[in-house]
Amino acid sequence: MDFELNAEERALAETVKHFIDTRVEPRMREIETRNQIPEELFKEAAELGLFGISIPEEFGGSGLSRFSRVLVHQMLGRSGFGFAGALAAHTGIGSDALVSIGTEDQKRRYLPRMASGELRAAFAITEPEAGSDAGSVRTRARKLGDRYYLNGTKHFISGGSRAGVITVVARTGGEGSKDLSLFLVEPSFRGFRIGQLYETMGTRGHPVAELIFEDCEVSEENRLGPEGEGWIAATKTLSGARPLVAARCVGACERLIEISTDYAKTRKQFGRAIGEFQAIQFMLADMATRTEAARWLTYHAATLADQGHPTMESISMAKLFASEALAFVADAALQIQGGSGYMADNPVNRFYRDARVTRIYEGTSEIQRLIIGRRLLRG
Ligand SMILES: Cc1cc2nc3c(=O)[nH]c(=O)nc-3n(C[C@H](O)[C@H](O)[C@H](O)COP(=O)(O)OP(=O)(O)OC[C@H]3O[C@@H](n4cnc5c(N)ncnc54)[C@H](O)[C@@H]3O)c2cc1C
């Protein structure tokens, strides 16, 4: 496999990198403090077409390949996971099911406004009693005439409080992962409300919300895909988004290595730059090696998907390895800066806090290991 970027891919990556480094990163401290992303940054992102990368051209997006989407997410990761997370939920789990299995009418109603950034998207499967065991969703959708009535609670939903459309997984039949269906829910639908907004350890600016459905009325036109086939679509959505998480981890690692090498060259102790000590060089070497391996696994998973044969193990390996690489790299980057790294206004400190969630959401590290292990045993 050849991962050499062509001219178009290089230009795409460079554009997003420039936007993140010059427009987003300088405002991250403000975003952290206010726990809010300024609307003008979203506007600029929309002008660059970043809301439309997962949406086909006929609906106003750019319909990027999986590989190009990975490149965009890699560059988004350079500012950590706050701003990046907001775009990630929209361009990954929030839009993928609608693009894959939506009807022409559903696509026409939602996708153009999603591509322009007017309408933000979220995806809600997790519930208080259904986390890693996502197939045990309890939210029920009862059908009466041509309407469904949803009852239940979703929690930890990225961007759920700001979304204009949410893909919701609900049970339309018996127990287990069969008999689940997907619904497109708008916040204005009767019976829907936002519950609590959670205070998080990192990813500030990008709130996670509780969503409450009390006889929430959804017309049949807003059922996404056939009734009872939601589980397959939901798992495809989640596995499609995992290389994007991996890519953001790679981008974050790359930025941390830049910060760390700069620091190692300029910080002096015992009369010389700390980068002259082998202990620091070894840390940098391990950071770079893990990042490079994570990048290759991520590009590999995306390329297989573009070639039409994505594999669960390539996806899980990329997500597992890249998120664990980031944990290592963020920890080492903080160590290289000593006490300065521990201070709240140091960007390394932000990456360290943001990094933690990447081993949890979109399938924990343990779940990725289960997927890889089971594939190996199945032969
Ligand atoms: C910031 C953030 C954003 C999120 N955004 C979204 C979102 O937009 N939409 C959405 O639907 N969800 C979202 N989630 C939810 C996320 O996907 C879940 O938190 C995650 O899947 C884990 O579920 P859980 O928290 O219930 O943990 P649990 O499933 O209770 O897991 C607890 C621990 O047990 C381990 N474990 C569980 N089962 C097994 C097993 N079979 N074998 C080995 N170990 C196991 C887990 O790995 C973990 O270490 C988000 C979560 C966070 C923190």
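Since the model is a prediction, treat every value here as computed from it, not as a measurement.

J.: What is the right way to read the packing of aromatic side chains from this model?
T.: Where two aromatic rings form a pair, the distance of their centres and the angle of their planes describe that pair. Inspection of every chain in the model, using the stated rule, returns 10 aromatic pairs. Note on Phe 42 and Phe 51: the rings are 6.2 Å apart at their centroids and 55° apart in plane angle, and the pair reads as tilted. Each member of the pair, Phe 42 as well as Phe 51, is classed as buried. Each ring, one from Phe 270 and one from Phe 277, has its centre 6.4 Å from the other, and the planes form 80°; the classification is edge-to-face. Looking at Phe 270, the relative accessible area reads 78%, which means it is exposed. With relative accessibility at 24%, the residue Phe 277 sits in the partly exposed group. Lying across the ring of Phe 328, Arg 290 places its NZ or CZ 3.7 Å from the centre. Sitting over the ring of Phe 351, Arg 350 keeps its end group 5.2 Å from the ring centre.

J.: How should I be thinking about the pattern of salt bridges in this particular structure?
T.: When the charged atoms of two side chains lie near each other, side chains of opposite charge can form a pair. Within the structure shown, the criterion is met by 28 salt bridges. Arg 27 is the partner of Glu 30 in a salt bridge, and the nearest nitrogen-oxygen pair spans 3.0 Å. Notably, a salt bridge pairs Arg 142 with Asp 215, separated by 3.3 Å at the nearest N-O pair. Here Arg 142, found in strand 2 (residues 140-144), pairs with Asp 215, found in strand 7 (residues 208-219); they are 73 residues apart in sequence, far enough to count as distant.

J.: What should I look at first to understand the nonpolar core in this one?
T.: Most often, soluble globular proteins keep nonpolar side chains buried together rather than apart. Counting 45 residues, the largest nonpolar core has Met 114, Leu 150 and Val 185 as its most contacted members. Secondary structure elements with two or more residues in this core: helix 6 (96-101), helix 7 (104-116), strand 1 (121-124), strand 3 (147-158), strand 4 (165-171), strand 5 (180-185), strand 7 and helix 8 (230-266). Residues contacting Leu 150, with those up to four places away along its chain left out, are Arg 140, Ala 141, Val 168, Ala 170, Phe 183, Val 185, Phe 213, Glu 214, Asp 215, Cys 216 and Val 218. Grouped together as the second largest cluster of nonpolar side chains are 32 residues, Ile 259, Ala 264, Ala 322 and Val 348 included.

The rules we used
- Starting afresh in each chain, residues are numbered from 1 along the sequence in its written order.
- Whole-chain, interface and lining totals are the exception, using all residues; otherwise, since this is a predicted model, local features are given only for residues with pLDDT of at least 70 and side-chain atom pairs are given and counted only at 80 or more.
- As a convention, hydrogens and water are excluded, and side-chain values are obtained from all of the structure's heavy atoms.
- Pairing of aromatic rings covers Phe, Tyr and Trp, the last through its six-membered ring, and needs centres within 6.5 Å; plane angles under 30 degrees mean stacked, over 60 mean edge-to-face, and all others mean tilted.
- To sort residues, take the accessible area from a 1.4 Å probe on protein chains only and compare it with the maximum for the residue type: under 20% means buried, over 50% means exposed, and anything in between is partly exposed.
- Throughout this description, the term charge over a ring refers to an Arg CZ or Lys NZ atom that lies within 6 Å of the ring centre and within 35 degrees of the ring normal.
- Between Lys or Arg on one side and Asp or Glu on the other, a salt bridge is scored when a side-chain nitrogen of the former is within 4 Å of a carboxyl oxygen of the latter.
- Note on conventions: DSSP H or I runs of at least 4 residues are helices, E runs of at least 2 residues are strands, and numbering of each starts at the N terminus.
- As used here, the term nonpolar core means buried Ala, Val, Leu, Ile, Met, Phe, Trp, Tyr and Cys residues forming a set that is joined through side-chain atoms within 4.5 Å.
- Throughout, a contact is declared for two residues whenever any of their heavy atoms are within 4.5 Å.

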